[in-house]
Amino acid sequence: MKRCPQCNRVETDDALVFCRADGTELVNDSSSLGSEAGTARLGLGSSATEAETNVLPHTTGAEISRDTAAATVLPAQPPLTSAELAKPKRRRNQIAIVAIVTAVVAATTAIVVDSYLSRKSHASIQSIAVMPFVNASGNVDVEYLSDGMTETLIRSLSQLPNLNVKARSSVFRYKGKETDAKTIGKELGVQALLNGRVVQRGEQLILNLELIDAQTENVIWADQYDRKSSDLVSLQNEIARDVSSRLKLKLTGADQQKLTRTSKVDPEAYRLYLQGRYYWNRRTGPEFEKAGGYFQQAVDQDPNFALGWVGLADFKEDQDRPRKKEYINRALQIDPDLAEAHASLGYQLMVDMNWAASERELKRAIELNPTYAQAYAWNGIRLTMIGKYNEALASLDRGLALEPTANSINFYKGVCLAVSGRRDEAFQQLKKLTEIDPNFSWAHRWLARLYEKRGDYAAVVEERAKAAELEGNPEDAKLMRESFAKGGWEGFRQSQRSKDPNTRLAEEVIDGAGKERVIQRLQQEAARGVFWLFLIRTEPVYDPLRSDRRFQEVLKKFEPPQ
């Protein structure tokens, strides 16, 4: 038995340590229940209707006796019948049952909720959007770094199985926009967002990352990386490993190797490569021209940097094509499983009209990296060239599912629709592309072709002028608009005769001597591998040549392989 020295409350539970009334530490008390010290004495006194409920003090004064002690007297109650006695008992039983049921329900709910939250917290994330990292340095010259780190991380994570990573074109449309995580998650259909802020101060590089639950907008994980610029490559690999860990992905040894593919790259070469890709993503215009120089500097710095050689091959891929193949083969010697290199080789073989070999390389690229959208794009235009339009559109749509806003894939789809005779759909597709990327000049060039077939010559001139401006030729654009304003369509055609190959071609095809020159030029273009040569399949301007045996031989080059 234990007693509270403060209030003299007696506790019969020896397991208790502290008083339940005032929290004082209990002391052992060897007194019996019959003693007066600290004992509640019930039912004593001469009256059967009285009950003493006092707790007597530990030390009883001599002046206090049982007869003089204060007592709480309860009023007398009439005797209860057996029926009346039964009612409270039933009520007490009901209350007890309700209490027990409530406790069971509460306990079960707690277990279920805890189990659910535990499962949720340990479940792997299967879809993510790596948002454009913010350049917080206040220096636009290092914008390539924040963009490049974003793109590289997307590329690394997209190679992991069971992880849907949104492509560059999907996430970069949010760059510079204040959009909440829940909205982005819903629009992109992802479970999580990875946000980053990059600060470069001299040789110091600071990166802050936050992994956000897109549904709740809660932070799943956050970390800061403080490194030197020379540690950029190892930092990229570290981030990729940390993010995959926080996503709770189970990685094989091969998966780990994919994440650290750039681990042996010279840091300076890698930085130069990022700058090259930054400008290459412009695709057209003066800034695009800078890309080749950075790719060249990257491979000069590190000749064993495979991606640097692929960058050189992709830069103006239709120029000096034999050398571009050398670049790709060099990349494949360094890394035989580099998807980008196989895709680039597939493109070059496609322009060679080596359809079977091109298909093999593009399929290999897709096998190595099923999320590499450019491989689907080049496969789609390959199928367009040989007239398999439905298969081409299926491949292009697969690429667009990965990168809905990719200008090259949207453009190829517009071309495929146009050459297959679905001009209205092609028109809508190219108009959509000009909204996605107003600076993509080839979309305006092909809209001009479609406007010409509609007979809307004012629109033709305007689209051609826009393309010239975007390609850095504002004087040409000015001449186009002025010639049309002064001389109408014929005045425009006269001003463009020396510059417009379609106008020259139409005149030469009609002229007897010019017809021979056109045939010879087509033969030369077939031998050299000119991308747009496949248009001879469908362009009406070539109709006068279709009965010529030499033209038919060139045309046969675009027949599907058996």
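Please refer to the structure placed before this passage.
Residues numbered from 1 in each chain as written. Predicted model: local features only at pLDDT ≥ 70, side-chain atom pairs only at ≥ 80, totals over all residues. Heavy atoms only, no water.

1. Brief notes about the nonpolar core
Grouped together as the largest cluster of nonpolar side chains are 71 residues, with contacts concentrated most on I128, M149, L194 and I239. When neighbours within four sequence positions are excluded, I128 is seen to be in contact with L163, N164, V165, K166, V190, A192, L194, L211, V243 and L247. If you look at the next biggest cluster of nonpolar residues, it comprises 68 residues, including Y389, L433, L522 and V554. (Core = buried A, V, L, I, M, F, W, Y, C linked by side-chain atoms within 4.5 Å. Buried < 20%, exposed > 50% of the residue type's maximum accessible area, 1.4 Å probe, protein only. Contact = heavy atoms within 4.5 Å.)

2. Focus: the pattern of salt bridges
A side chain with one charge may pair with a side chain of the opposite charge, provided their charged atoms come close. The full count for this structure, using the stated rule, is 26 salt bridges. Among the ionic pairs, E471 bridges to R445, the shortest N-O distance being 3.0 Å. On the criterion of sequence distance, the pair formed by E471 in the loop between helix 18 (457–470) and helix 19 (474–496) and R445 in helix 17 (residues 441–454) is long-range, its members being 26 residues apart. (Salt bridge = Lys/Arg side-chain N within 4 Å of Asp/Glu carboxyl O. Helix = DSSP H or I, 4+ residues; strand = E, 2+ residues; numbered from the N terminus.)

3. Quick look at helix 17
Each turn of an α-helix holds 3.6 residues, which means side chains three or four residues apart point in the same direction. Taking 1.5 Å per residue, 14 residues should reach 20 Å; helix 17 reaches 20 Å between its end C-alpha atoms and fits that length. Considered for burial, the residues of helix 17 that qualify are S441, A443, H444, W446, L447, A448, R449, L450 and Y451. Just downstream of helix 17 lies G455, where phi reads positive at about 80°. (Expected span 1.5 Å × (residues − 1).)

4. Focus on helix 13 (residues 373–385)
Given a rise of 1.5 Å per residue, 13 residues ought to cover 18 Å, and the 19 Å separating the end C-alpha atoms of helix 13 matches this to within 8%. Counting buried residues along helix 13, 13 of its 13 residues qualify, which places the element largely inside the surrounding structure.

5. Here's the deal with the pairing of strand 8 (residues 204–213)
One face of the sheet, then the other: side chains in a regular strand alternate in exactly this way. Buried residues dominate strand 8, accounting for 7 of its 10 residues. Relative to strand 8, strand 7 (residues 192–201) is paired through 10 bridges, and the arrangement is antiparallel. Of the residues in strand 8, the one forming a bridge with Q200 is L205. Here 9 bridges tie strand 8 to strand 9 (residues 219–228), and the two strands are oriented antiparallel to one another. (Pairing = 2+ DSSP bridges.)

6. With respect to the packing of aromatic side chains
Evaluation of the coordinates by the stated rule reveals 24 aromatic pairs. With a centroid separation of 5.8 Å and an interplanar angle of 10°, the aromatic rings of Y279 and Y294 are classed as stacked. Of this pair, Y279 sits in helix 7 (residues 267–280) while Y294 sits in helix 8 (residues 290–301), placing them 15 residues apart in sequence. An angle of 45° between the planes, with centres 5.2 Å apart, marks the rings of Y347 and W378 as tilted. (Phe/Tyr/Trp six-rings, centres within 6.5 Å; stacked < 30°, edge-to-face > 60°.)

All quantities given are derived from atomic positions and should not be read as evidence of function.
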